[in-house]
Each structure stands twice: as structure tokens, then as C-alpha cells.
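Structural characterization, general
So the chains spell out like this:
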Amino acid sequence: MVRRIAIDGCGGTARNARAAIGAHAAFCANGGLELVSVAARDDAPGDATPAWGKHGVDIVLDCSGGDPRRHLAAGATKVLCGAPAGGFAFDGMVVFGVNHMRIDGSHRLLHGASSATHGIAPVARLLHYALGIEHAVITPMLDVQHCAGVACEREGNVAAQLQQVLPRLPGALDETPPVHVPDCDLVLLGMVFVASRDTSVEEVNALIQCASFGAYGELLRYCDGPDAGTAAANDMHSCLFQAALTQVSGRVVKVCAGYRSELGYACRLVDTLEVMARV
């Protein structure tokens, strides 16, 4: 079956430059996502929601910040939200590579989490399954000037979203106010946690490095070279792990990961759309 997918109000770029995502763009899914032309605004003047059912659109990616439920009322069968949740009730929250395997046909209204959550969730999942996370504190680190052009999340958002996408994490997961770091072109998430057993810097880094060469290759980048603190503008990884910043003392572990721009996040939203189109 061919599904048409529309994207509402996202300014990112899809994987492999397949589409520059504008206010409304439609995708046709047939073994993948292909950009097609849909004049959805013709019957929706101003900020009105287009009649998606009339245009044969099945799935809408809503990055406008408005009420995502309006797309279901306008004829779409599924909606993925890529904007702050705004207190709306969703069927679930998804971070591709972490819990997208749980998406099924009953999920009509999903949230794609935040770019910051995508920046730390793969690392948290890997380390929790390998070492066990008993208690954890997350500290966002960012440059205010850098965040002027990036959708930096509000305080407390990442820890709460991690609990939703990784329900096996313990309840003792907290987040500190952000630390402002000048002249940093990354948004970093520092996570300090107590592991279930003793470990070492070498083991922690090896776990992440192996994953970056395997199943997590498209979303997780292992950074340990002289350019570890930077990332290319067209880097499509949504999680940049900073190996040089890993510290371990017995069972206490500190790791840092993050993202440079919204490009990697946009790629993960497209990945999630592909899954939604298949189920």
C-alpha cells in the first residue's frame, strides 16, 4: 500500500537531502519516502488545516507547535509531532533506535521527543542494558548564542522524556538547570549515574564505540579524535558521543553526548515516519 505523508511547519532537511521540508510537503511511502507534490494549501487559507483526506495524505509530521490532533480531524490517519508537546495527550513518545520497535497500528498520535532527548537516549539505553543505571542526573550544557538558532529544550524536559522512552530506567532520574558554556558549537548532555557494578572508562567507551559501528551507526557518532568537539554542518547523526569526556570512579560514571544542529533530529523523524508507514 502507498501512503502519502505530509509535513507541517518543519525547517529541517531530510536524510540524503531527499527533501527540503517546508511548511507543507507531502511524502509518498512505497518501500521508503519519496517527495511528491500536493497543493494542500489551496483549500486552507491562512493558518487553517488542509483537508488531508481530500489529498490522500495518511500521515502528517506536525512541527508547527499547534494542536496536532487537528490533522486527525482533517482526514489524516496518523500524526507524528516534532514540536514541544504542549500538554497534549499522545499515544506514545518515540526516539528512533531506542523504542521505535514498539510502534504498531494502534498508534495514531505519536511524539518524536526532543532533539536533546535524541542526543542522549541511545547512550542511556546502551549503558543501562550493559551496566545498569540505578540513579542518574542529566545536565544540559550549551552556548546561548548557538541556541539562538537551535530549538534548545526547556529545563527538566530531557529527564522526563527519557523516562517515557526508556520505562525500565529507575525513577531516580533527575535534571539540573542548564550550564552555559561559551564558544561551544554543540548542545551537550552530561549524564552522571550510578551503575549496578564497577566499570571503567575503557569499557564504557568500548560499549558506545561498538554500537556506533553496528546497529546504531546511522544515528550515533563516536567522537574521540582532535575534532571531537566539532561536527560537520551536514552531519546526520542525532547523537554525538564525546569519548574524551568519559569519567569513571568505581560505580559512578559520567558520560557526555549531544547534537550540533536539527539536521540529525530531522533525519530521525523521517526514519520514524518510515516505520509508521509500514505498520
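Being a predicted model, the structure only gives us computed values, none of them experimental. (Residues numbered from 1 in each chain as written. Predicted model: local features only at pLDDT ≥ 70, side-chain atom pairs only at ≥ 80, totals over all residues. Heavy atoms only, no water.)

**A short note on the nonpolar core**
Keep this limit in mind: Residues belong to a common nonpolar core when they are buried Ala, Val, Leu, Ile, Met, Phe, Trp, Tyr or Cys residues joined through side-chain atoms within 4.5 Å. Buried residues are those whose accessible area, probed at 1.4 Å on protein chains only, stays under 20% of the maximum for their type, while exposed residues exceed 50% and partly exposed ones sit between those limits. The numbering of helices and of strands both runs from the N terminus, where a helix is a DSSP run of H or I of at least 4 residues and a strand a run of E of at least 2.
Counting 56 residues, the largest nonpolar core has Val-123, Leu-162, Met-191, Phe-193, Leu-220, Phe-241 and Val-255 as the members making the most contacts within it. By residue number, the principal contributor to this core is helix H2 (residues 115-131), which donates eight residues. Within the second largest apolar cluster, seven residues are counted, among which are Cys-184, Leu-186, Leu-240 and Cys-256.

**Focus: the pattern of salt bridges**
To keep things clear, this is the line we draw: For this document, the term salt bridge refers to a Lys or Arg side-chain nitrogen within 4 Å of an Asp or Glu carboxyl oxygen.
Applying the stated criterion to the full structure yields six salt bridges. The closest approach of N and O atoms between Asp-62 and Arg-70, which form a salt bridge, is 3.2 Å. Across the pair Arg-197 and Glu-203 runs a salt bridge, and its minimum N-O distance is 2.7 Å.

**Side note on the packing of H2 against helix H5 (residues 201-212)**
Just so we agree on the cut-off: Lines are fitted to the C-alpha atoms to define the axes, a helix being fitted only along its stretch in contact, and any angle between axes, read from their N-to-C directions, falls within 0 to 180 degrees. Throughout this description, any angle smaller than 35 degrees is read as roughly parallel, any larger than 145 degrees as roughly antiparallel, any in the 65 to 115 degree range as roughly perpendicular, and the remainder as oblique. The crossing is said to be left-handed when, going from far helix to near helix, the turn is anticlockwise and less than a right angle, and right-handed when the turn is clockwise. Note on contacts: a residue pair qualifies if any of its non-hydrogen atoms lie within 4.5 Å across the two residues. Here the nonpolar group is Ala, Val, Leu, Ile, Met, Phe, Trp, Tyr, Cys and Pro; Asp, Glu, Lys and Arg are the charged ones; every other residue, Gly included, is treated as polar.
Close contact between H2 and H5 brings their axes to 10 Å; oriented N to C, the two are set at 120°. Judged by the angle between their axes, H2 and H5 are oblique. Between H2 and H5 lies a crossing whose hand is right-handed. Two secondary-structure elements touch here, H2 through Val-123, Leu-126, Leu-127, Ala-130 and Leu-131 and H5 through Glu-203, Val-204, Leu-207, Ile-208 and Ala-211. The residue inventory of the contact of H2 with H5, partitioned by class, reads nine nonpolar, no polar and one charged.

**So, the packing of aromatic side chains**
Quick note on the threshold: Stacked, edge-to-face and tilted are the three classes for Phe, Tyr and Trp ring pairs, Trp counted by its six-membered ring, which pair at centre distances within 6.5 Å; planes under 30 degrees apart are stacked, over 60 edge-to-face, the rest tilted. Lysine and arginine charges are scored as sitting over a ring when NZ or CZ, respectively, is within 6 Å of the ring centre and within 35 degrees of the ring normal.
In total, this model carries one aromatic pair according to the counting rule given. Ring geometry for Tyr-222 and Phe-241: centres 5.9 Å apart, planes at 20°, overall stacked. In this pair, Tyr-222 sits in strand E12 (residues 220-223) while Phe-241 sits in strand E13 (residues 239-242), placing the two residues 19 residues apart along the sequence. The same class applies to Tyr-222 and to Phe-241, which are both buried. Cation over ring: Arg-125 sits above Tyr-129, and NZ or CZ is 4.9 Å from the ring centre.

**Structural notes on the pairing of strand E11 (residues 187-195)**
Filter applied, for reference: We call two strands paired when DSSP finds no fewer than two bridges between them.
Burial analysis of E11 places seven of its nine residues in the buried class, which makes it a mostly covered element. Where strand E8 (residues 133-142) and E11 come together, eight bridges link them in antiparallel fashion. By the bridge assignment for E11, Met-141 is matched with Leu-188. Where E11 meets strand E15 (residues 252-259), eight bridges bridge the pair, whose relative direction is antiparallel. When the sheet's bridge partners are listed, Leu-188 is paired in E15 with Gly-258.

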